[in-house]
Structure formats: C-alpha cells, structure tokens
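Topology and contacts: notes
Below are the chains, spelled out letter by letter.
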Amino acid sequence: MEHTGIEHVKALDAQDPLAGYTAHFYRRAGLYMESNGLGLLCREAERTAARVMQEWGTFACDGWMASDPPWFFYPERLAGAQAPLVGAEPEELVLGGTTTTNLHSALATFYTPQGRRTKLLIDALNFPSDRYAAESQIALRGLDPGQHCKVVPSRDGWRMEEEDLIAAMDETVALALFPSVLHEGGQLLDLARLAEGARARGILIGFDLSHSVGVVPHALGAIGADFAVWCNYKYLNGGPGCPATLYINRRHFGRRPALAGWHGYNKNRQFSMLPHFEAAGTAGGWQHGSPHILNMAPLEGSQGLVLQAGIGTIREKSLALTGLFLQLYDRWIAPLGPVLATPREADRRGGHVTLLHPAAKALGAMLEQGVLRPEHLERAREQLAAFEPGARYARAQMLRIPFAPLYTRYEEVWNAAAAIREMLLALEA
Ligand SMILES: Cc1ncc(COP(=O)(O)O)c(C=O)c1O
C-alpha cells in the first residue's frame, strides 16, 4: 500500500466483501459525517419497523404475546442477539432506556462507597452525560462530587494513557467507568488491561461502548467487565431514539437491581402483580417500565445486517478504511497543518479518525456536502482568523471523520482526503 493510487483504491472496492451492503442504505451525496452520531437508515430496519407497526394493527394488546417475536420478550431477544458483537452471553444483555439511564441504573446498583473506598473514577475525556450521571450518583449518596469523582486528566487534551488510568486506581476508588473509544479523538482503549487493573485492586469496572459497538469486536465476558452500556444508533444504525443496551456480568445476577420496576420482574410471574419485587435473575432484572417496542423495531433489521456481515469482517474493513486515510493524511494533509489526534496503531484506533485544525468546522461542512464551495472557504478563513496562534485545540477545532464500514467505499476515503487537501491548498493560495 506504500504507493496507493486511485487504481489500487478502486481495486480495494472491487474486492471488498462488504461492497454489497452499501446498497442497503439510504445514502447521501457527500461523505456522511455522522455515522458515529446517528447511523443511516437501511431497508432491513425499515422492514422490521413496518412489521411491528402492522403487528400493532393486527393484534392490538395481544401483540405482547402473539407477535413474532412477542413484544414481551423483544428487549431480551434483540439485546441477546448482540452477544457475538460484545463477547457476552445473551442473558447478560437487555435493551431499554438510554445509555444515560442505563448508566444510572448500573451505578445505582454497583457504586457502593464504603469505608475508604468512596470514589468513582472516570477520565477527563469521557462523554459529558457519563460524567453528569457519575457526579449525580455520587451526590445521591450524600457525597461531594468535587471530592469523590476522581477525574484522570489527559496529557494532551485528546488521548488517554491506560497507565495513567490504572495508576489512578488506588484504595480510595470503589468503581471505575471508562469509554471504549474516546468520542472526540477516536482512540480505542485497552479494555482488557483496564479490567485487569481494576480487578487486581478490588475495584468494579464498567465501560461505555457507544463509539465501538458494531465496528470493534469486544470480549466483555473474557475480560471480566462488571457492566457495560452502549447506544444502538451509531454503527448499529438503530435510528433516532433507539433504546440502549445494558450488559451485566452474570456473576452479578444475584444482586438486587437498585432501581426496580415491573418489567424487571421474574417474567414467569410478572402478571401475578405481587407487591414485593422479585428480580428476573438475568440482565432483564435491570429493566424498569414498558419497553419502547416501536423505537427498538428498526434495530432488529439493522443489527441483523451487522451480524450477517460479521464483526470480524467489519473490523477488518474499518481498519483498512482508517489505514488508507492515514496514508493519505501523511502524504497530502499533514504537510498542510492538520494534527492527527487519533493514535496510529491499529489496536488503538476505533471507527473514526480525528484531525485537529482551526477550520475543522468548514472542512466538515465541505466533506458532508461533497463539494468545495466559496462559502466553505469564506467560513474557513473566518475560523483561521479567529484562532489564536499557540492556542489549544478545542472541540470546535476537531474534524471527526467516521467511516462506517457497511456503507463507506474506499474511493470515498480517497475523495475525502483529496477534498481536504484541495481546500487547505486553496486556503494557502
Ligand atoms: C459515549 C456516549 N455515551 C453516552 C451517550 C448518551 O447516550 P444517550 O443519549 O442514549 O443517553 C452518547 C451519545 O452520543 C455517547 O456518545
């Protein structure tokens, strides 16, 4: 790949085992810049959503048991199908709520400050909602988040070092919560190393897999994670408002879910409507109220496509796409100024690559529209003029480029890199 040219890139598309999947999606003109925000709609998602609507029309309330699969078991069924993506057992997974509410539910159960072990450990680059949840759970225990939320700083503002995270796991920490892939810089953390570090120090550990599920394979059971949360609307393409997934390691099935509700009840007896809570004895015990059947229906089709493609093949293509972009970055883009925030090593990359540049927003708009317009240059010039030399890069200066393997072609990576170069050269002229 040293001398990558357009012919070579076209050959990659021609040999791509996932090439047929792009036709399943409602694609857009330019490079879709939000596949790590909200994945595109695919025909399969449309079909399963339409089927569930029809079931409602046909069965009305009987749909809870008469539909196929029954709505009553739909959250367990859909989440259970994700088991091969994350290296879990089906009964360790359940669908429902949001990533944030699942995090609250898990923290309410597993964050039990006692004696000297009172702190909740997070990293400084965590998604803000996770930090808000962590701090509010600390406050709910009557503790001061300023004292008990231990935040590991980043050395450079966009990466985290595993050794720093592990060094912070001292005897004051009760629970650690880290992301799999940093939502801004795109770095993939070594979850096995972090889980081992936590276990060796008697600390419980949870992960937020929102930016990796469906694009990076995980082995939650093998690494011994205590719990994990993720959203299903990014690389799993479940659509806006799609419920999230909660993973509970089976060694915790005996624990009482801290936030109980009737859909977390032992399903054999849920409708006995007994006054005292009897948890389901699986991750299903962490459910609360009526599942959002209509919102989860698209996920049945969209994750089916991911499972059919195979997470190993998806990861291979994802690394090839980001690897190609990195080669073109070195050749065309780096000399023009943008800094690479994402680590270069394959085992430290997630599905997106992040560049730092004062005109990131204008570059992103140009990529999204697929064509360089005078207004992009005008905006870029304003952004360049507003950036103080020597200032630290902030979120506004991050150009996050996601390459969803199911609907991104190698040629689009080539075109994106060429377009960035063209715009940067025009700005220099
Ligand atoms: C890493 C991460 N965690 C949590 C969330 C919040 O998810 P939700 O809106 O489902 O609570 C997001 C949303 O994008 C996210 O990217």
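Counting of residues starts from 1 at the beginning of each chain's written sequence and follows it residue by residue. pLDDT decides what is reported in this predicted model: residues at 70 or higher carry local features, side-chain atom pairs at 80 or more are listed and counted, and totals for whole chains, interfaces and linings draw on all residues regardless. Side-chain numbers come from the whole structure's heavy atoms, not from hydrogens or water.

1. Looking at the packing of helix α1 (residues 6-15) against helix α16 (residues 410-428)
The description of two packed helices rests on the angle between their axes and on the distance between the axes. Fitting a line to C-alpha atoms yields each axis, with helices limited to the stretch in contact; the angle taken between N-to-C directions then spans 0 to 180 degrees. Each helix is a run of DSSP H or I of at least 4 residues and each strand a run of E of at least 2, with the numbering of both proceeding from the N terminus. Contact geometry for α1 and α16: axes closest at 7 Å, N-to-C directions at 145°. Residues I6, V9, K10, L12 and D13 of α1 touch α16, and the partners they reach there are Y410, E411 and W414. Under this grouping Gly is polar, as are all residues other than the nonpolar Ala, Val, Leu, Ile, Met, Phe, Trp, Tyr, Cys and Pro and the charged Asp, Glu, Lys and Arg. In terms of residue class, the contact of α1 with α16 is made up of 5 nonpolar, no polar and 3 charged. Contacts were defined at the residue level, with two residues in contact if any of their heavy atoms lie within 4.5 Å.

2. Considering the site of the ligand
The criterion for a residue being near a molecule or strand is simple. One of its heavy atoms has to lie within 4 Å of it. All residues in the neighbourhood of the ligand are listed as T98, T99, T100, F127, D130, D208, S210, H211, Y233 and K234. One nitrogen or oxygen atom from the side chain of T100 is found 2.5 Å from an oxygen atom belonging to the ligand. Interatomic distance of 2.6 Å between a side-chain N/O atom of D208 and a nitrogen atom of the ligand. Calculation of accessible area relied on Shrake-Rupley with a 1.4 Å probe; when residues are assessed, cover is drawn exclusively from the protein chains displayed. In the complex, the protein chains occlude 83% of the 400 Å² of accessible area that the ligand would expose alone. Within the shell around the ligand, the residues separate by chemical class into 2 nonpolar, 5 polar and 3 charged. Counting of polar contacts relies on pairs of N or O atoms within 3.5 Å, with two restrictions inside protein: one atom must be capable of donating a hydrogen and the other of accepting it, and residues adjacent in sequence are counted only when both atoms are side-chain atoms.

3. Focus: a nonpolar patch on the surface
The patches reported here contain residues having more than 30% relative accessible area and no salt bridge. Joining distances are 9 Å for like charges and 5 Å for nonpolar side chains (Val, Leu, Ile, Met, Phe, Trp, Tyr). Here, a salt bridge means any side-chain nitrogen of Lys or Arg that lies within 4 Å of a carboxyl oxygen of Asp or Glu. A contiguous nonpolar patch, built from M53, W56 and L294 and spanning about 310 Å² of accessible area, is present on the exposed surface. Tracing the backbone shows W56 in helix α2 (residues 43-59). Here the term buried applies to any residue with accessible area under 20% of the maximum for its type, exposed to any over 50%, and partly exposed to those in between, with areas from a 1.4 Å probe on protein chains only. For W56, a relative accessible area of 48% gives the class partly exposed.

4. Focus on unusual backbone geometry
Among all residues save glycine, negative phi is the norm, and among peptide bonds the norm is trans. Following D68, the chain continues to P69 via a peptide bond in cis, the omega torsion being 0°. Position of P69 relative to the elements: it lies in the loop between α3 (63-66) and α4 (74-80). Non-glycine residue A60 carries a positive phi angle of around 50°. The residue A60 is located in the loop between α2 and α3 in this model. Note on A60: relative accessible area 42%, which makes it partly exposed. Backbone geometry places N237, a non-glycine residue, at a positive phi of 60°. Within the element layout of this structure, N237 appears in the loop between β6 (227-230) and β7 (245-248).

5. Looking at the pattern of salt bridges
According to the stated counting rule, one finds 21 salt bridges in the structure shown. A salt bridge links K150 to D170, with the nearest nitrogen and oxygen atoms 2.9 Å apart. With K150 in strand β3 (residues 149-152) and D170 in the loop between α9 (162-167) and β4 (173-179), the pair connects residues that are 20 residues apart, well separated along the chain. A salt bridge links R344 to D330, with the shortest nitrogen-to-oxygen separation between them at 2.6 Å. With R344 in the loop between β8 (339-340) and β9 (352-356) and D330 in helix α13 (residues 311-333), this residue pair connects regions lying 14 residues apart in the sequence. Residue D330 is classed as partly exposed on the basis of its relative accessible area of 38%. When salt bridges with common partners are traced through the structure, they connect R51, E55 and E300 into a single cluster.

6. A word on the packing of aromatic side chains
Centres within 6.5 Å make a pair out of two Phe, Tyr or Trp rings, where for Trp the six-membered ring is used; the pair is then stacked when the planes are under 30 degrees apart, edge-to-face when over 60, and tilted otherwise. Summed over the entire model, instances satisfying the criterion amount to 13 aromatic pairs. Taking 4.7 Å as the distance between ring centres and 55° as the angle between the ring planes, the aromatic pair formed by F25 and Y407 counts as tilted. Here the residue F25 occupies a position in the loop between α1 and α2, and Y407 occupies one in the loop between β10 (398-402) and α16, the gap between them amounting to 382 residues. Considered together, F25 and Y407 belong to a single accessibility category, that of buried residues. Aromatic pair F387 and Y393: ring centres 5.5 Å apart, planes at 15°, arrangement stacked. Joined through ring pairs, the aromatic side chains of F72, F73, W262 and F271 make up one cluster. Over the ring of W332 we find R421, and its NZ or CZ is 4.2 Å from the ring centre. Over a ring means this: the NZ of a Lys or the CZ of an Arg is within 6 Å of the ring centre and within 35 degrees of the ring normal.

7. Things to note about the side chain of Q287
Looking at where Q287 falls in the secondary structure, it is placed in the loop between β7 and α12 (293-309). A distance of 2.9 Å separates the side chain of Q287 from the side chain of E76, its partner in a polar contact. Ignoring sequence-local partners within four residues, the contact set of Q287 consists of P75, E76, V94, L95, L259, G261, H263, G264 and K267.

8. Some remarks on the nonpolar core
Core analysis: the biggest nonpolar cluster contains 65 residues, and V86, F178, I205, F207 and W230 have the highest contact counts within it. For this core, the element with the most residues is α12, which contributes 7 residues. In this entry, domain limits derive from an automatic or database-based domain assignment. Mapping this core onto the domain boundaries places at least three of its residues in each of domain 1 (6-30 + 310-428) and domain 2 (47-308). With sequence-adjacent residues up to four places away left out, F178 is seen in contact with L121, I122, D123, L165, M169, L189, L194, I205, G206, F207 and D208. Only buried residues count toward a nonpolar core, which is a set of Ala, Val, Leu, Ile, Met, Phe, Trp, Tyr and Cys residues joined through side-chain atoms within 4.5 Å. Counting 37 residues, the second-largest nonpolar core is a separate cluster that includes L336, V353, A419 and L427.

9. A closer look at the domain arrangement of the protein chain
Domain boundaries in the protein chain define domain 1 (6-30 + 310-428) and domain 2 (47-308). Once you take the C-alpha centre of each, domain 1 and domain 2 turn out to be 30 Å apart. Opposite the 31 residues of domain 1 that make contact, domain 2 presents 28 residues. Summed over both partners, the accessible area (1.4 Å probe) lost when two parts come together is defined as the buried area. Summed over both partners, the interface of domain 1 with domain 2 buries about 2400 Å², with 56% contributed by carbon and sulfur atoms.

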